[in-house]
Amino acid sequence: MSIRIDRIVTRGGDGGQTSLGDGTRVDKSSARIEALGAVDEANATIGVLRLHLSPTSPDEACLARMQSLLFDIGGMLCVPENGTPDTEALIDGFQGGDEAVAFIEEATERLRVRQEPLRSFVLPAGSAGAAHAHLARTVVRRAERRVVALRQEDTVSPSLLRCLNRLSDYLFVLARHLNDDGRGDVLWQPNKGP
């Protein structure tokens, strides 16, 4: 697929509206645009997270694929009828939502088996990479909530929600991996606040 963008400044959104992929104009505060924006934020935070991984790391390649998946999810959300449950095309190498979910689950398990079981809640801290993985996890969770809110107004493929849910799980396990497979995790200490 070839995409060509000749103009960035269009002035089309100056009045608080934007166009969906099918040309429909909607308010920028609509649930669909909120979901699209949250997915875009999730993608951007994963881009920052990738700075903390070696270019040869299997997780760097995994995150690159997940960024493309998030872009595909945004594309599906951008055209309302493309996000319906009968849609089987989460493109970019996945045949459908089930295949994308399986890919994320396999990536999660590959890391999880190397880690000691959790015995406490983990704070979003530790190494810089782990902290960015936790940040990405929370932004993906927000995207998931925004897609759930959209689903209350319109039809959304369950595959989109499953992908977002599994991606946040992967990012949690990746954060532990980046904290020496959990040995460097910063654990919650109850009643140890200021």
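The model shown is predicted, which means the values in this text are computed figures rather than measured ones. (Residues numbered from 1 in each chain as written. Predicted model: local features only at pLDDT ≥ 70, side-chain atom pairs only at ≥ 80, totals over all residues. Heavy atoms only, no water.)

1. Overview of the side chain of D59
No. 1: Along the chain, D59 falls in helix α2 (residues 58–78).
No. 2: When near neighbours in sequence (up to four residues on either side) are disregarded, D59 contacts L53, R110, L111, Y170, L174 and H177. (Helix = DSSP H or I, 4+ residues; strand = E, 2+ residues; numbered from the N terminus. Contact = heavy atoms within 4.5 Å.)

2. Comments concerning the packing of helix α1 (residues 31–49) against α2
No. 1: As a packed pair, α1 and α2 sit with axes 10 Å apart at the nearest point and diverge in direction by 170°. As the angle between them shows, α1 and α2 are arranged roughly antiparallel. Seen from α1, the contacting residues are R32, A35, L36, V39, A42, N43, I46, G47 and L49; seen from α2, they are L63, Q67, L70, F71, I73, G74, L77 and C78.
No. 2: Residues belonging to the contact of α1 with α2 are distributed by class as follows: 12 nonpolar, four polar and one charged. (Axes fitted to C-alpha atoms, helices over the stretch in contact; angles between N-to-C directions. Parallel < 35°, antiparallel > 145°, perpendicular 65-115°, else oblique. Nonpolar A, V, L, I, M, F, W, Y, C, P; charged D, E, K, R; others polar.)

3. A look at helix α4 (residues 128–151)
No. 1: End to end, α4 covers 35 Å across 24 residues, agreeing with the expected 34 Å (1.5 Å per residue, within 8%).
No. 2: Along α4, the residues that are buried comprise G129, A130, A133, H134, A136, R137, V139, V140, A143, E144, V147 and L150.
No. 3: Each element contacted by the buried residues of α4 is listed here: α1, α2, β3 (122–123) and α5 (158–178). (Expected span 1.5 Å × (residues − 1). Buried < 20%, exposed > 50% of the residue type's maximum accessible area, 1.4 Å probe, protein only.)

4. Quick notes on the nonpolar core
No. 1: I73, L77, Y170 and L171 are the most contacted members of the largest nonpolar core, which totals 44 residues.
No. 2: Broken down by element, the residue count for this core peaks at 10 residues, all from α5.
No. 3: If we ignore the near neighbours within four places in the chain, the residues touching L171 are I46, L49, L63, A133, A136, R137 and V140. (Core = buried A, V, L, I, M, F, W, Y, C linked by side-chain atoms within 4.5 Å.)

5. Overview of the confidence of the model for the chain
No. 1: When pLDDT is averaged across the chain, the result is 84; 79% of the residues are at 70 or more.
No. 2: Averaged over each element, pLDDT in the chain is lowest for strand β1 (residues 17–19) (64) and highest for α4 (97). (pLDDT = per-residue confidence, 0-100.)

6. Focus on the packing of aromatic side chains
No. 1: Here the structure, examined in full by the defined rule, presents one aromatic pair.
No. 2: With centroids separated by 5.6 Å and ring planes inclined at 65°, the aromatic side chains of F121 and W188 adopt a geometry described as edge-to-face. In this pair, F121 sits in the loop between α3 (97–112) and β3 while W188 sits in the segment after β4 (186–187), placing the two residues 67 residues apart along the sequence.
No. 3: Note that R65 overlies the ring of F103, its terminal NZ or CZ placed 4.4 Å from the centroid. (Phe/Tyr/Trp six-rings, centres within 6.5 Å; stacked < 30°, edge-to-face > 60°. Lys NZ or Arg CZ within 6 Å of the ring centre and 35° of its normal.)

7. What to know about α3
No. 1: Relative to the 22 Å expected for 16 residues at 1.5 Å per residue, α3 spans 22 Å between its end C-alpha atoms, a close match to the ideal helical length.
No. 2: Within the sequence span of α3, burial applies to G97, A100, V101, F103, I104, A107, T108 and L111. Looking down the long axis of α3, one finds its buried residues gathered within 160° of arc, a one-sided arrangement. Looking at α3, the residues exposed on the side facing more than 90 degrees away from the buried face are D98 and E106.
No. 3: Looking at the buried residues of α3, the elements they touch are α2 and α5. (Arc of directions from axis to C-beta.)

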